[in-house]
Structure formats: C-alpha cells, structure tokens
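Here are the chains, one letter per residue:
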Amino acid sequence: MLFKKIKLVVLLLFIALKGFSQNNYALIPYPQKLSLLKGNFVFSPKNKIQILAGQKLENEVSYLRSVLSQYKIETAVKSTTSRIELKLSADVKGEESYQLQVKPGIIAVTAATPSGIFYGIQTLHQLMALNNIGTHQKQIPALSINDQPAYSWRGSMLDVSRHFFNMDYLKRHIDRLAFYKINKFHFHLTDDQGWRIEIKKYPALTEKGAYRTFNNQDSVCMELAKENPDFEIDPRFIKVKDGKQLYGGYYTQQELRELVAYAAERHVEIIPEIDMPGHMMAGISVFPELVDGKIGWGELFSTPLCPCKEEVYTFVEHVLNEVISIFPSKYIHIGADEVDKTSWEKSELCKAMMKKEGMKDVHELQSYFVHRVQEMVEKKGKKAIAWDDALEGKINSDITVMYWRGWVSGAPLKAVQNNHPVIMSPTNPLYFDTFPDKSSLRNVYNMNVVYDDIPADKTHLIKGAQANLWAEKVPSENRADFLLFPRLTALSERLWTNKDKFEDYSNRLLAHYPVLDQMKVAYRLPDLCGFALESVFVKDAVLEVKNPLKGKNIHYTQDGSTPTTKSPILSGNSLVINKPTSLKFALFSTGGAQSKGDIYAVNYKQSTFATAIKPSGKLANGLSCDFYKQPIDKVAKISGNPDQQFLVQNIVVPKEAKAPQFGLKYNGYIEVPETGIYTFNLTCDDGGMLYIADRLVIDNEGPHSPIEKSGQVALEKGLHPFRLDFVEGGGGYTLLLQYSKVGCDAKNIPDSWFQRELK
Ligand code: ACM
C-alpha cells in the first residue's frame with residue numbers, strides 16, 4: 001500500500017516537474033534559444049491581465065489585445081497578479097530580435113524595436129494556441145527565450161492575376177504569415193491574365209483588363225475539378241456580361257490601403273509588383289498603342305510593351321506613381337521576366353533607336369527599359385526589384401535581384417559579383433504551385449539559402465528567400481491553402497531559425513495541425529505511409545496504412561472514384577487484399593477547415609517470387625553506371641552509346657557526371673537477404689525507371705521536379721538483375737533510391753547488396 005502511495009507521489013511529482021510535454025512549446029519557427037523555467041503562467045477569468053507598455057507601442061498593445069481576446073482573455077487597467085510587460089530596450093541587439101520571459105504571474109517581452117516586440121507577442125500567441133488557452137487549458141509553461149531571425153527577407157508571393165483572391169482571403173493570409181514570422185508579402189498584381197489594381201488615371205485597366213472569358217488554364221482547372229473540388233473556379237468571381245461569362249476581379253485603391261494598414265499592424269511589408277515589359281497582356285489589350293506590332297502570344301510569352309515608344313514610359317510612370325502612393329514599402333517589384341523580344345526585333349522604331357543609342361542587340365533594349373523604370377522608382381525614394389532574367393542585360397547594382405530560374409544555377413553568384421542584393425526564390429523548392437509530395441517539406445526545410453559558390457564576403461547580399469505561389473492552377477482558396485501549408489512553416493523555420501533540425505521540426509509540426517485547424521487553414525494533411533503505389537501480393541497481403549494524425553479518418557474507394565468523407569473508412573487503417581484491385585484513399589480532416597491529404601491510388605497485382613539467379617561470371621561489389629551526355633529530359637530518350645562508364649557502390653550520381661542535361665544507366669545485380677516482398681521508393685528529378693528481376697518496379701518518368709514513387713517486387717533470397725535509368729533534364733537533379741520491408745521506415749540500400757559481374 002505504502003509502495004503504491006510512493007509510486008503515485010513520484011508520478012505526480014514527475015508530472016509537476018515536467019509539467020508540459022514538448023507539444024506545449026512546439027514553436028515554429030523554433031527560437032534560437034529557449035530554456036524551460038519552473039512553473040507556469042496561468043490565464044484565469046478571475047485574474048484579468050494588465051498590459052504595461054512603453055511609448056511607441058500602441059500598435060503592438062492593440063495587436064496583443066486582439067490576440068488575448070481571441071482566447072477569451074480579458075484585460076484590466078490594474079492587476080497585481082497577472083501582467084504582460086512590453087518594453088523597448090536598446091540592450092537587445094537586432095532589428096527584429098526579442099526576449100520573452102514567461103514566469104508565474106508575469107510575461108515580459110523586451111526588444112529594441114516595435115518589430116521585435118511584435119515577434120515576442122507572436123511567440124506568446126503560438127504558446128497560447130499550442131496550449132488551447134481559453135478551451136481545455138489555462139496555462140503556458142514558464143520559459144525564457146532569446147530570439148532573432150537569420151534572414152531579414154522572409155517572404156511569400158501570391159499571384160492574384162491568373163486567379164483572383166478577395167480581400168478577406170488576403171487578410172487571413174497575412175495573419176498566417178505573421179503567425180509564422182514571415183515579414184514580406186509580394187503581391188503579383190498584374191500579368192497577362194488580369195490587371196488587379198485600380199489605376200485612377202486609366203480606369204479601363206480594371207474595367208476591361210480585370211475580366212476575361214475562361215482561358216486554357218481555367219479549362220485545365222475545370223477538368224481537374226472533376227476529381228478534386230478544390231480546382232473548381234471560385235463562383236464569386238464569375239459574372240455574366242452581354243450573355244458571356246467573365247472571370248475576374250480587382251482591388252480598389254481604398255481596399256489596398258486598408259490591406260497595407262492591416263499588414264503593417266502585423267509587421268508585414270507588402271511589395272507590389274507591376275510585371276513589365278512582358279506579362280502585360282491584360283494591360284496592352286486595353287491600350288494596344290503601347291506595343292509595336294501584333295498583340296498576342298509568341299512561342300512562349302506575350303508581346304511586351306515597346307521600349308522605344310515614349311508614351312510607354314508616360315504610362316508606366318503614371319501607373320507607378322499611383323502604386324507608390326498606395327504602398328509605402330521600401331521596394332517596388334518591376335518584373336522584367338520572360339520577355340519575348342521578337343516584336344522589338346521587327347520594329348522599325350526599335351531599329352532606329354538601337355542605331356541612335358549604339359545598342360548592339362534587343363537585350364540592350366530590355367536593359368534600357370529596366371533602367372528607365374528603375375529611375376522612376378528611385379526618384380520616388382524606393383528601391384526596384386527585378387526577376388533574375390534582368391541579369392542577362394546590363395543593370396546596375398541598386399536593383400535587388402529576385403532569383404527564380406532554378407536551371408540557371410550560377411545566377412545568384414553572378415548577381416552578388418555585381419553587388420546586387422539577392423532574394424532567393426528558386427523554382428525548386430520554392431515554387432509552391434508545384435505539387436507537394438512526401439519530400440517537399442524536407443526539401444524546403446533543408447534548402448540552401450546561400451548557395452555554396454557565394455564567396456564569404458558576399459553572403460550578406462543574400463537577404464533571404466520567399467515562396468512563390470503562381471495561380472494558373474490555383475482557382476480556389478482551398479487549393480491555395482493546400483499548396484502553401486504546411487510548406488510555409490518549413491520555410492519560416494529555415495529563414496528564421498536556420499538550423500538543421502528537420503526531425504524535431506516534423507514532430508513540432510504535428511502539434512501545429514490542430515492550430516491550423518483552428519485558423520481554418522485548408523492545409524495539406526501529412527503523408528500516409530506503409531504501402532507502395534504499385535503493390536504486389538503472392539497469396540494475400542494486408543494493406544496497413546500508417547496515419548500520423550490522431551482523430552482523422554482515412555476514407556477509401558475500390559471503384560476508381562475519388563474518395564470523399566462519405567466513402568468507407570479504412571477501419572483500423574488496414575485491409576486484407578487477396579485479389580488484384582485498385583484502391584484510392586485519402587486522409588480527411590474532421591475539423592472546420594476542409595483540409596485533406598493527397599489522394600493515393602494503390603494498385604495490387606498478383607505476383608510470384610522471382611527466382612534468384614546465379615551469374616556465370618565472377619562477381620564484385622558495385623554497379624556499372626553508363627553516362628550519356630545528351631540534351632534529353634526523359635529516360636525514354638537516352639540513346640546510342642554511353643560517353644563514359646563509371647563504377648558506383650550505390651545509387652549516386654558520380655561527381656564526374658557533369659553536363660546541363662544527361663542520362664545515367666545503372667546495371668548489375670541486387671542481392672536480397674531473404675525471400676519476401678520488397679518496397680522501393682524512387683525520388684527523382686527529372687525521371688527514373690527501376691527494373692528488378694526484369695520486372696518494371698517503378699515508373700517515375702520525367703520531366704518533373706523531385707517526386708517520390710514507390711513500387712513492390714516479390715523476390716526470392718539471392719541475386720536478381722538490377723537496372724535503374726535516370727535522366728537529368730536541366731535545372732538541378734535529385735536521385736534517391738531507398739527500400740523497406742514493412743512499415744514506413746524507408747532505408748538506404750546497403751552497398752553490399754549491389755553486385756556486378758566482372759567481364
Ligand atoms: C517567373 O516565374 N516568371 C518569375
């Protein structure tokens with residue numbers, strides 16, 4: 001009996017001392033320094049909270065009040081038991097740094113600037129969210145935090161031209177950015193598919209340019225919507241005019257000013273982009289006199305503004321002056337990407353101007369245009385940002401370069417060598433319109449913000465990074481949320497914390513899903529695992545899906561239809577398979593937000609164990625690896641004789657295999673230690689095909705960004721022919737082959753499994 005009592009006391013003591021599980025301070029981005037203290041801060045309806053704040057913090061106090069009221073916490077003019085102190089102090093170094101102390105009865109945020117104070121409040125906000133304040137829990141753990149960001153540019157870009165998003169969504173997006181300490185919202189306001197900002201001098205830009213008939217991108221969405229309702233075109237932005245359906249919308253200047261103020265309260269700077277001289281179809285359709293030539297599409301891009309017409313500069317200046325009067329940001333983005341210059345080549349005006357100015361080609365005309373627009377921006381006390389395409393011409397170092405063309409990997413180096421500040425938004429992994437998969441969180445988290453080739457004395461020019469969401473195939477808020485979250489949380493931690501703690505982050509992220517539910521984010525639910533997309537069974541098999549989130553169900557279908565919450569539940573997450581079948585299943589949220597996971601399509605084929613073989617020749621470790629230096633982007637296009645042959649011990653791209661585009665063929669044997677069904681996971685960018693025992697196990701043909709595909713093969717113990725074909729189609733590659741026997745833990749294949757026959 002006494003022993004039992006002692007056990008109980010020890011248990012209670014343990015709980016009291018430990019107090020909180022790691023979930024209670026699972027902050028993202030994780031602070032630079034966090035130590036737990038004894039005790040906790042109790043929020044209680046009896047103890048109203050007094051806010052004590054220094055001068056110049058009215059905005060932060062008001063924001064704090066709104067956070068507290070979100071959790072139903074009341075404030076009082078005076079309290080001796082519960083206080084939150086906000087204090088500006090020059091002792092804290094750094095523009096956005098803060099210190100947060102949570103102790104019984106008192107929370108103190110100290111920083112040198114209101115921004116720092118704001119980030120301290122955001123950390124408190126997360127602690128309250130993670131601890132369900134106002135619902136189940138009343139307390140947050142006592143702790144001490146010293147924190148500052150690694151990078152000053154922590155951005156998110158939204159394209160509202162290809163598809164439109166209303167003010168309400170933009171405000172919610174800004175709330176979410178602030179919650180994850182992202183401080184720049186790059187607002188892509190104009191493009192070929194819609195002009196979204198009211199310009200009082202040119203009302204036709206929005207009267208006409210903000211609306212379009214459905215285009216080919218809408219048709220793609222409508223087709224995809226048959227499988228996934230998130231691709232349905234948002235009906236709020238469809239109107240009927242003269243019997244025609246038009247899609248579109250725009251923001252009035254008044255609305256934009258409100259948005260700017262809303263963002264400023266949350267320490268988010270909005271950077272407007274007017275994309276020019278290309279990507280201007282919406283504008284030039286209204287004012288065709290701004291081009292010289294036919295308005296339309298070239299091989300890839302639309303006709304650009306004509307840099308040789310003076311009225312173009314008048315137009316641009318009027319537009320920019322109004323843009324600048326709305327957005328107080330330090331930066332204005334002037335685009336300068338993807339310009340089809342063929343209309344300039346044909347233009348008599350341009351030919352004459354190039355002759356007069358001694359320009360040798362049309363690229364110099366582009367530089368001339370960029371330079372003149374840059375001057376307009378700088379005359380107004382702002383700085384210009386341009387996409388890295390602008391580096392192809394001569395631009396001066398006052399322009400900040402936004403790097404996006406992942407396949408031009410030397411561009412950041414070139415930019416810093418010319419002393420340009422650089423913002424990193426490379427296609428891989430920061431184009432969030434690319435389909436997220438199992439590896440995308442890890443890819444974003446582990447991204448190299450400062451590329452290895454940047455010299456140490458230039459690293460300060462890399463200001464940070466941002467994720468870009470292009471909206472061609474993003475016609476709804478749910479689709480945008482799905483693509484943005486949780487990937488933005490991974491980027492936030494890379495840019496703020498900048499440490500290699502992916503496993504730790506992944507665990508903390510599990511605690512953020514319920515918070516994202518509360519915030520009504522239709523995020524992408526975590527990946528399921530424990531199965532292969534192309535599965536086999538010999539007699540029968542059990543499909544056992546591992547679901548990392550409790551309280552959410554997996555629904556499945558077996559008739560080829562898309563699973564919904566009305567489809568049967570995969571109860572106990574398992575199903576016995578004894579005949580060939582195709583299943584579709586997905587994890588669904590039960591919360592308010594309509595978040596969902598990927599829809600997995602798993603095919604089961606009946607198979608037999610492949611017989612192990614005994615090669616006649618002598619064996620040695622490793623695989624042969626044939627290198628094909630060819631301009632190809634698909635495995636199927638590898639042809640002819642290899643340019644070189646390498647020997648590798650495992651599936652790696654040999655260091656010597658260097659070319660902008662190339663193919664590799666790995667050949668040999670794989671020796672498996674026991675008879676069984678083996679699952680292989682092949683992640684590749686661009687394409688890969690895996691054959692084992694002369695059976696196609698994985699078809700991951702390119703071209704594409706890194707995608708993982710999985711397949712199974714039934715193998716007898718012993719040696720089996722092995723072949724992997726891989727292609728790098730340009731823009732950087734990924735190649736990873738792993739295996740698993742059961743469950744989710746894909747492992748690297750031991751070197752000793754690979755054999756080759758000595759000739
Ligand atoms: C871009 O994706 N054209 C910047």
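Everything here concerns the structure above.
Below: a short report on this structure. All chains use their own residue numbering, which begins from 1 and follows the written sequence. Reporting of local features is limited, given that this is a predicted model, to residues whose pLDDT is at least 70; pairs of side-chain atoms are given and counted only at 80 or more, and all residues count toward the totals for whole chains, interfaces and linings. No hydrogens and no water enter the side-chain calculation; it runs on all heavy atoms of the structure.

## Digging into the overall build of the protein chain
Quick note on the threshold: Secondary structure is summarised from DSSP: a helix means a run of H or I of at least four residues, a strand means a run of E of at least two, and numbering begins at the N terminus for each. With the radius of gyration taken over C-alpha atoms, the globule rule is written as 2.2 Å times the number of residues to the power 0.38. Three labels apply to residues, based on accessible area from a 1.4 Å probe with only protein chains included: buried if under 20% of the type maximum, exposed if over 50%, partly exposed otherwise in between. Note on areas: Shrake-Rupley with a 1.4 Å probe; residue coverage comes only from the protein chains shown. We count Lys and Arg on the positive side and Asp and Glu on the negative side, and we leave His and both chain ends out. Note that the charge is assigned to NZ on lysines, CZ on arginines, CG on aspartates and CD on glutamates.
Per the secondary structure count, the protein chain includes 18 helices and 38 strands. Scaling as 2.2 N^0.38, a compact globule of 759 residues should have a C-alpha radius of gyration of about 27 Å, and the protein chain matches this with 29 Å. Considering only C-alpha atoms, the protein chain reaches an extent of 85 × 80 × 60 Å along its principal axes. Across the 759 residues that make up the protein chain, the buried fraction comes to 56%. Surface accessibility of the protein chain: about 32,900 Å² in total, with carbon and sulfur atoms responsible for 52%. Averaging the coordinates of the 91 positive side-chain charges in the protein chain and doing the same for the 86 negative ones gives two points 7 Å apart.

## Things to note about the packing of aromatic side chains
To keep things clear, this is the line we draw: Classification of ring pairs rests on two measures: the distance between centres of Phe, Tyr or Trp rings, Trp counted by its six-membered ring, which must be within 6.5 Å, and the angle between planes, read as stacked under 30 degrees, edge-to-face over 60 and tilted in between. When the NZ atom of lysine or the CZ atom of arginine is within 6 Å of a ring's centre and also within 35 degrees of its normal, the charge is said to sit over that ring.
The tally for this structure, following the rule as stated, stands at 40 aromatic pairs. An angle of 65° between the planes, with centres 5.2 Å apart, marks the rings of Tyr 119 and Trp 496 as edge-to-face. Of this pair, Tyr 119 sits in helix 3 (residues 114–130) while Trp 496 sits in helix 17 (residues 487–496), and the two are 377 residues apart along the sequence. An angle of 75° between the planes, with centres 5.1 Å apart, marks the rings of Phe 531 and Tyr 600 as edge-to-face. Here Phe 531 is found in the loop between helix 18 (502–518) and strand 21 (534–537), whereas its partner Tyr 600 is found in strand 26 (residues 600–606), with 69 residues between them in sequence. The two residues Phe 531 and Tyr 600 agree in class, both being buried. Each member of the aromatic cluster is reached from another via a ring pair, and the members are Phe 164, Phe 185, Phe 187, Phe 237, Tyr 247, Tyr 251 and Phe 327. Sitting above the plane of the Tyr 262 ring, Arg 266 keeps its charged end 3.6 Å from the centroid. Taking the ring centre of Tyr 313 as reference, the NZ or CZ of Arg 372 above it sits at 3.9 Å.

## Things to note about the nonpolar core
For soluble globular proteins, nonpolar side chains are generally found buried alongside one another. We count it as follows: Here, the term nonpolar core denotes a set of buried Ala, Val, Leu, Ile, Met, Phe, Trp, Tyr and Cys residues that are joined through side-chain atoms within 4.5 Å. Residue contacts follow a heavy-atom distance rule, with two residues in contact if any of their heavy atoms lie within 4.5 Å.
If you look at the biggest cluster of nonpolar residues, it comprises 170 residues, and the most contacted ones within it are Phe 187 and Phe 585. Among residues more than four places away in sequence, those in contact with Phe 187 are Leu 158, Val 160, Leu 170, Tyr 251, Leu 256, Leu 259, Ile 270, Ile 271, Pro 272, Glu 273 and Phe 327. Counting residues in each nonpolar core, the second largest holds 34 residues, with Tyr 666, Ala 693, Leu 715 and Leu 735 among its members.

## Regarding a positive patch on the surface
What counts here: Residues with no salt bridge and a relative accessible area higher than 30% make up the patches, which join like charges within 9 Å and nonpolar side chains (Val, Leu, Ile, Met, Phe, Trp, Tyr) within 5 Å. Salt-bridge detection follows one rule: a side-chain nitrogen of Lys or Arg within 4 Å of a carboxyl oxygen of Asp or Glu.
On the surface, a cluster of positive charge is contributed by Lys 208, Lys 239, Lys 241 and Lys 244. Along the chain, Lys 244 turns up in strand 14 (residues 244–248). The partly exposed category is assigned to Lys 244, whose relative accessible area is 48%.

## As for the environment of Lys 46
Relative to the helices and strands, Lys 46 resides in the loop between strand 1 (33–42) and strand 2 (49–53). Its relative accessible area of 78% is what places Lys 46 among the exposed residues. With 176 residues separating them in the primary sequence, Lys 46 and Met 222 have C-alpha atoms 54 Å apart.

## What to know about helix 2 (residues 58–70)
Operational definition: Expected span of a helix, by definition, is 1.5 Å for each gap between consecutive residues, and there is one gap fewer than residues. This arc describes the spread of directions from the helix axis toward the C-beta atoms.
Between its first and last C-alpha atoms helix 2 spans 18 Å; for 13 residues at 1.5 Å apiece the expected length is 18 Å, and the two agree. Listing the buried residues of helix 2 in full gives Glu 60, Val 61, Tyr 63, Leu 64, Val 67 and Leu 68. Around the axis of helix 2, the buried residues are gathered within 160° of arc, so they sit on the same side. Buried residues along helix 2 sit against strand 2, strand 3 (75–76), strand 4 (83–88), helix 3 and helix 7 (253–265). The first or second residue beyond helix 2 is Lys 72, which carries a positive phi of 60°.

## Considerations on helix 17
Counting buried residues in helix 17 gives 10 out of 10 residues, a clear majority hidden from the surface. Taken together, the buried positions of helix 17 are occupied by Arg 487, Leu 488, Thr 489, Ala 490, Leu 491, Ser 492, Glu 493, Arg 494, Leu 495 and Trp 496.

## Observations regarding the sheet that holds strand 3
Note the cut-off: Strand pairing is defined by DSSP finding a minimum of two bridges between the two strands. Fitting a line to C-alpha atoms yields each axis, with helices limited to the stretch in contact; the angle taken between N-to-C directions then spans 0 to 180 degrees.
A sheet is described by the order of its strands in space; here 7 strands give the open sequence 1-7-5-6-4-2-3, paired in mixed fashion. Looking at the sheet topology across the chains shown, the edges are occupied by strand 1 and strand 3. Here strand 1 runs beside strand 7 (residues 139–147); their pairing, made up of 7 bridges, is antiparallel. The residue bridging Val 42 from the neighbouring strand is Gln 139, located in strand 7. Relative to strand 5 (residues 98–103), helix 3 is tilted by about 40°, and along the sheet it contacts strand 4, strand 5, strand 6 (106–111) and strand 7.

## Some details on the state of the cysteines
Applied cut-off: By definition, disulfides here are pairs of cysteine sulfur atoms that lie within 2.5 Å.
Scanning the model with the defined rule gives 1 disulfide in all. Residue Cys 529 pairs covalently with Cys 744 via a disulfide, S to S 1.9 Å. An S-S torsion of about 90° defines the bridge between Cys 529 and Cys 744 as right-handed. Note that Cys 529 is positioned in the loop between helix 18 and strand 21 and Cys 744 in the loop between strand 36 (734–740) and strand 37 (747–748), a separation of 215 residues in sequence.

## Overview of the environment of Gln 32
Test applied: For the purposes of these results, a polar contact is taken to be a pair of N or O atoms within 3.5 Å, where, inside protein, one atom must be able to donate a hydrogen and its partner to accept one; residues adjacent in sequence count only when each atom of the pair is a side-chain atom.
Structurally, the position occupied by Gln 32 is in the loop between helix 1 (2–18) and strand 1. Note: C-alpha distance between Gln 32 and Ile 145 (113 residues apart in sequence) is 7.8 Å. Setting aside anything within four residues of it in sequence, one finds Gln 32 in contact with Asn 146, Asp 147, Gln 148, Ala 150, Trp 496, Thr 497 and Lys 499. There is a polar contact of 2.8 Å between the side chain of Gln 32 and the backbone oxygen of Gln 148.

## Quick look at the pairing of strand 17 (residues 383–387)
Within strand 17, 4 of the 5 residues are buried, which leaves the element mostly enclosed by the surrounding structure. Strand direction decides the pairing type here: strand 16 (residues 331–335) and strand 17, joined by 3 bridges, are parallel. When the sheet's bridge partners are listed, His 333 is paired in strand 17 with Ile 385. In terms of strand pairing, strand 17 meets strand 18 (residues 400–403) through 3 bridges, oriented parallel.

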